Amino acid sequence: MVGVVPIVRNLAPWMAGFCVLFALDAAMFRTSFYRENLEPDSYAGQVERMLRTAGNQSIAVMGDSRIAEGFSARIADQRQPGFRFLSAAVPGSTPRCWYYLLRELDPAGTRFKTIALPLETYEDADGSRELTDRVLDLNILAARLRLADTLTFASSFQSSEARWNALLVCLLKGVGLREDFQAFLAHPAARLDKAAMYRRNGNQWNYDYQGNSKDLTGAVLPAPVPRGPSQNTGVYTAYRREWFNRIINKYRGTGTSIVFLRLPRGPVPTPASPRSGSSIHEWTGVSILPEDLFHSLETPEYFFDALHLNARGRQRFSTELADILARPR
């Protein structure tokens, strides 16, 4: 017991210092003022823009830049006037992000009739991107993570470095927002003016966006790269199970339908590879749309680059998806 006293005495200054740092960080970054004045085009700023777009919509389409470019809530609303659609897309976002974004959009879990979750593939084969340790998730969620998220969020990363970074962002938001804050300090008046302009007009700009007019017709497309057997170490499967289970469990018994869909692939043909298994088929009470449902869109005329639908593709995809999501389940 005697030896404990010096340890406590040595730790006390550090603990006091952290408490002061935490209080300063909270006073600056855990406020609606700072969230409202984030750089609108930053990852965290785009989260705030999406959350401000939310209103009385009954159908939400989650996603990353492929949904941001490919799905128009305005076209969907016009196609199905009995419903209101929300494009809840944030470029770069992942299923881990979607869980936390849905928490902010729908705290009680009773807001939406249908939530659409788009996937690049239904297969669980490990890809070139390591979603488990994706640092970009910290930038996207920095302004919306809570103290109560600290252990769960940090432990969802695999490497010790990623877990430490996630822990810091949960405890001290300034760590995740430091570049934004530095830019704010460099030009505070310009930032406040830009943020105010986006608060006034951003919702309408997003709603009226018609898509990219370019296409790949006539472009020399790369030949498909032969693929070997699909590799599945189980990491990607575990990631999907964790975050999609969280979303499904949030809405279980609420009357909200969860719909999985495979995004239209770019116009470069993808060689077939052996099946590696699909964890999304494990869940009950969800709808899984046919994998080839949007196959007719996978041509150069509907894409402006290898991943993103253009204005023509946006029109067709939004129309077709609106009809599907409006059907009774």
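Look above for the structure.
Owing to the predicted nature of the structure, the values given are computational and were not obtained by experimental measurement. (Residues numbered from 1 in each chain as written. Predicted model: local features only at pLDDT ≥ 70, side-chain atom pairs only at ≥ 80, totals over all residues. Heavy atoms only, no water.)

A. Local environment of the side chain of Thr256. When you line up the elements, Thr256 lands in the loop between α13 (235-251) and β4 (257-262). Take Thr256: its relative accessible area is 10%, and that puts it in the buried class. A polar contact is formed between the side chain of Thr256 and the backbone oxygen of Phe112, at a distance of 2.6 Å. Residues in contact with Thr256, not counting those within four places in the same chain, are Gly109, Phe112, Lys113, Thr114, Ile115 and Tyr251. (Helix = DSSP H or I, 4+ residues; strand = E, 2+ residues; numbered from the N terminus. Buried < 20%, exposed > 50% of the residue type's maximum accessible area, 1.4 Å probe, protein only. Polar contact = N/O pair within 3.5 Å; in protein donor to acceptor, adjacent residues only side chain to side chain. Contact = heavy atoms within 4.5 Å.)

B. Main features of the packing of aromatic side chains. Counting across every chain of the model gives 15 aromatic pairs. The interplanar angle of 50° and the centroid separation of 5.8 Å between the aromatic rings of Tyr99 and Trp243 together place this pair among those described as tilted. Separated by 144 residues along the polypeptide, Tyr99 in helix α6 (residues 95-105) and Trp243 in helix α13 bring together distant segments of the chain. We classify Tyr99 as buried; its relative accessible area is 19%. (Phe/Tyr/Trp six-rings, centres within 6.5 Å; stacked < 30°, edge-to-face > 60°.)

C. Spatial organisation of the layout of surface pockets. For the second largest pocket, the calculated volume is near 570 Å³. Forming the walls of the second largest pocket are 24 residues, and the residues nearest its centre are Arg49, Ala68, Ser87, Asn206 and Tyr207. The set of elements that each furnish at least two residues to the lining of the second largest pocket consists of α3 (43-53), α4 (65-70), α5 (73-79), β2 (85-89) and α12 (188-208). Here the lining of the second largest pocket takes 5 residues from α12, the largest share from any one element. The residue makeup of the lining of the second largest pocket, split by class, is 11 nonpolar, 8 polar and 5 charged. (1 Å grid on protein atoms, 1.4 Å probe; cavity = no way out; pocket = protein on both sides within 12 Å on 5 of 7 lines; lining within 4 Å. Points joined across faces, edges and corners; volume = space filled by probe spheres on them. Nonpolar A, V, L, I, M, F, W, Y, C, P; charged D, E, K, R; others polar.)

D. Inspection of the environment of Asn37 at higher detail. Mapped onto the elements of the fold, Asn37 is located in the loop between α2 (32-36) and α3. Placed 162 residues apart in sequence, Asn37 and Arg199 show a C-alpha to C-alpha distance of 9.2 Å. When neighbours within four sequence positions are excluded, Asn37 is seen to be in contact with Phe184, Arg191, Leu192, Ala195 and Arg199.

E. Up close: the nonpolar core. Within the largest apolar cluster, 78 residues are counted, with the highest numbers of intra-cluster contacts made by Phe85, Leu117, Phe153, Ile247, Phe260 and Phe317. Here this core gets 7 residues from one element, more than from any other, and that element is α6. Setting aside its immediate chain neighbours within four residues, Ile247 contacts Pro95, Trp98, Tyr99, Leu102, Leu117 and Ile258. (Core = buried A, V, L, I, M, F, W, Y, C linked by side-chain atoms within 4.5 Å.)

F. Looking closely at the sheet that holds β4. Spatially, β2-β1-β3-β4-β5 is the arrangement adopted by the 5 strands of the open sheet, whose pairing is parallel. Edge positions in the open sheet fall to β2 and β5 (287-288), since each of these has one partner strand only. Summarising the sheet, strand β1 (residues 59-63) and strand β3 (residues 114-119) pair through 3 bridges and their orientation is parallel. Looking at the pairing, Val61 lines up with Ala116 of β3. (Pairing = 2+ DSSP bridges.)

G. Just the environment of Pro81, in detail. As for its placement among the helices and strands, Pro81 is situated in the loop between α5 and β2. Judged by its relative accessible area of 69%, Pro81 falls in the exposed class. Between the alpha carbons of Pro81 and Ala326 there is a distance of 10.0 Å; along the sequence they are 245 residues apart.

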